[in-house]
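Chains, contacts and geometry: an overview
Residue strings, one per chain:
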Amino acid sequence: MKALRLMLSGGLLALLLWPLAALADLPAAEDFYVNDFADVLTLEEEAELRGRLTDLREETRIHGVVTTLRSPIDYDGPTGLAAFATALFNDWGIGDRIRNDGFLILVATDTREIRIELGAGYEPVWDNRAQRVIDALMVPLLRDERYAEGLKAGVSGVADYIARPLSQGVSFTATEGMPDAPEENENDLVTFLTFMALIGGMVLYSNRAELGDALARHRPCPQCRARTIRTKAGRRPGEEVLSMRRFCSSCGWETWRALPDAGSGDQSSDRGSSSGGGGGFGGGSSSGGGASGRY
């Protein structure tokens, strides 16, 4: 039921709303731990989340990032939240590039979706635990739009049930030792589909004159016009600074963008040392593991 609802919501909203917005590149990170692009957190709430993530990194060497945005369809990237989270994770290079143990907690407020994206170093069993963090700890709070509390619960859940066990080499079976998720209401799907149908009708009616032109806004490669643009974190030849490479897999066109400055000490600490702490992105990557949910 939950998977069906997520699939229907993501597909319908992507179909209706993606063509109507001017697209921007994937958002550039403004902070190494908390990026509130949806503007749902106070500065004090951001600081508390940042403190929790910093403490976790110092304890476990695992880098976690919390990000909010209104919708992935506002950007030049995948329109589904899961694929968008993978692209954003790899664009920023979250986590250590050797261990690939970083994580991203991403909330889209317009589509009311949640994604916990895990680095490529996590085996599939961790996906089950990420799903339980979403269902049992985050959804009940985010349904009431208690964003700060929901994100704090998500950070605590990932720290307690994923990051610390991984760093300590603890073995377990699926969701062993985790809280149960609340019971699902079978009537929720009918209510949700009715709501989506009403929203879809209003969007199509109010934008009927612009819909045709807007379909052409997705950006192709500027050189060969193929829609095969990819992004990957790395070092530009001859440079030491970690940058983001945006390239076309068809013709070889490329452009580089420096990642936000982490400071000379912090940026190198996670890439070239096994000691804990430090700040900055470490060039980690994700292969799409993690979990998704709706609230």
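What counts, and at which threshold
Residues numbered from 1 in each chain as written. Predicted model: local features only at pLDDT ≥ 70, side-chain atom pairs only at ≥ 80, totals over all residues. Heavy atoms only, no water. Helix = DSSP H or I, 4+ residues; strand = E, 2+ residues; numbered from the N terminus. Buried < 20%, exposed > 50% of the residue type's maximum accessible area, 1.4 Å probe, protein only. Contact = heavy atoms within 4.5 Å. Areas by Shrake-Rupley, 256 points an atom, 1.4 Å probe, with all protein chains shown as cover. Axes fitted to C-alpha atoms, helices over the stretch in contact; angles between N-to-C directions. Parallel < 35°, antiparallel > 145°, perpendicular 65-115°, else oblique. Left-handed = near helix turned anticlockwise from the far one by under 90°. Nonpolar A, V, L, I, M, F, W, Y, C, P; charged D, E, K, R; others polar. Salt bridge = Lys/Arg side-chain N within 4 Å of Asp/Glu carboxyl O. Disulfide = S-S within 2.5 Å. Expected span 1.5 Å × (residues − 1). Bend = angle between axes of the 7 residues up to and from the residue. pLDDT = per-residue confidence, 0-100. Core = buried A, V, L, I, M, F, W, Y, C linked by side-chain atoms within 4.5 Å.

Moving on, we come to the overall build of the protein chain. For the protein chain, the count of helices and strands is eight helices and eight strands. Sorting the 295 residues of the protein chain into buried and exposed places 47% on the buried side. Restricting the contact set of the protein chain to residue pairs at least 6 apart, pairs at least 24 apart contribute 71%. Counting every atom, the protein chain has about 13700 Å² of accessible surface; 51% of that belongs to carbon and sulfur.

This part takes up the packing of helix H4 (residues 125-142) against helix H5 (residues 147-168). In the contact formed by H4 and H5, the axes pass within 8 Å of each other and the chain directions differ by 160 degrees. Considering the angle they form, H4 stands roughly antiparallel to H5. Handedness of the crossing formed by H4 with H5: right-handed. Where H4 approaches H5, its residues Trp126, Arg129, Ala130, Val133, Leu137, Met138, Leu141 and Leu142 are matched on the opposing element by Tyr147, Glu149, Gly150, Leu151, Ala153, Gly154, Gly157, Val158, Tyr161, Ile162, Pro165 and Leu166. Here the residues of the contact of H4 with H5 are counted per class, giving 15 nonpolar, three polar and two charged.

Residues in a regular strand point their side chains to alternate faces of the sheet. The buried fraction of strand S8 (residues 290-294) is high, at five of five residues. Side chains Gly290, Ser292 and Arg294 of S8 all project onto a buried face; the interleaved residues Ala291 and Gly293 project onto the opposite face, where all are buried too.

Attention now moves to the pattern of salt bridges. A full pass over the atoms with the stated rule returns 13 salt bridges. In this structure, the salt-bridge partner of Arg99 is Asp96, at a minimum N-O distance of 3.7 Å. One salt bridge connects Glu117 with Arg115, and the closest N-O pair in it is separated by 2.9 Å. In terms of burial, Glu117 and Arg115 fall into one category: buried. Three or more residues are tied together by salt bridges with common partners; here these are Asp31, Glu46 and Arg50.

To continue, consider the state of the cysteines. The tally for this structure, following the rule as stated, stands at zero disulfides. Cysteine Cys248 shares no disulfide, and the gap to the nearest cysteine sulfur, in Cys224, comes to 3.6 Å. Accessibility expressed as a relative area gives 3% for Cys248, which makes it buried. Free cysteine Cys251: the closest other cysteine sulfur is in Cys224, separated by 3.7 Å.

This paragraph deals with H5. Given 3.6 residues to a turn, an α-helix orients residues that are three or four positions apart in the same direction. With 22 residues, H5 extends 30 Å between its outermost C-alpha atoms, agreeing within 8% with the 32 Å of an ideal straight helix rising 1.5 Å per residue. Bending of H5 peaks at approximately 40 degrees at the position of Ala159. Of the residues one or two after H5, Gly169 is the one with positive phi, at around 70 degrees.

Quick look at the side chain of Asn35 now. The residue Asn35 is located in strand S1 (residues 34-36) in this model. Judged by its relative accessible area of 1%, Asn35 falls in the buried class. Beyond its immediate chain neighbours, meaning those up to four positions away, Asn35 contacts Ala29, Glu30, Val65, Val66, Thr67, Thr68 and Trp92.

Next up on the list: the confidence of the model for the protein chain. A residue-level look at the protein chain finds 68% of positions with pLDDT of 70 or above and a mean pLDDT of 79. In the model, residues 14-23 has pLDDT below 50 throughout and makes 35 contacts with residues more than four positions away in sequence or in other chains. Of the regions scoring below 50 in pLDDT, residues 205-218 engages in 17 contacts with residues more than four places distant in sequence or in other chains.

Another point: the nonpolar core. Formed by 52 residues in total, the largest nonpolar core has its most connected members in Ile105, Ile116 and Met138. Broken down by secondary-structure element, the contributors of at least two residues to this core are helix H2 (43-60), strand S2 (64-69), helix H3 (81-92), strand S3 (103-108), strand S4 (113-118), H4 and H5. Broken down by element, the residue count for this core peaks at eight residues, all from H5. Residues within four places of Ile116 in sequence aside, it is in contact with Leu104, Ile105, Ala130, Val133, Ile134, Met138, Val158, Gly289, Gly290 and Ala291.

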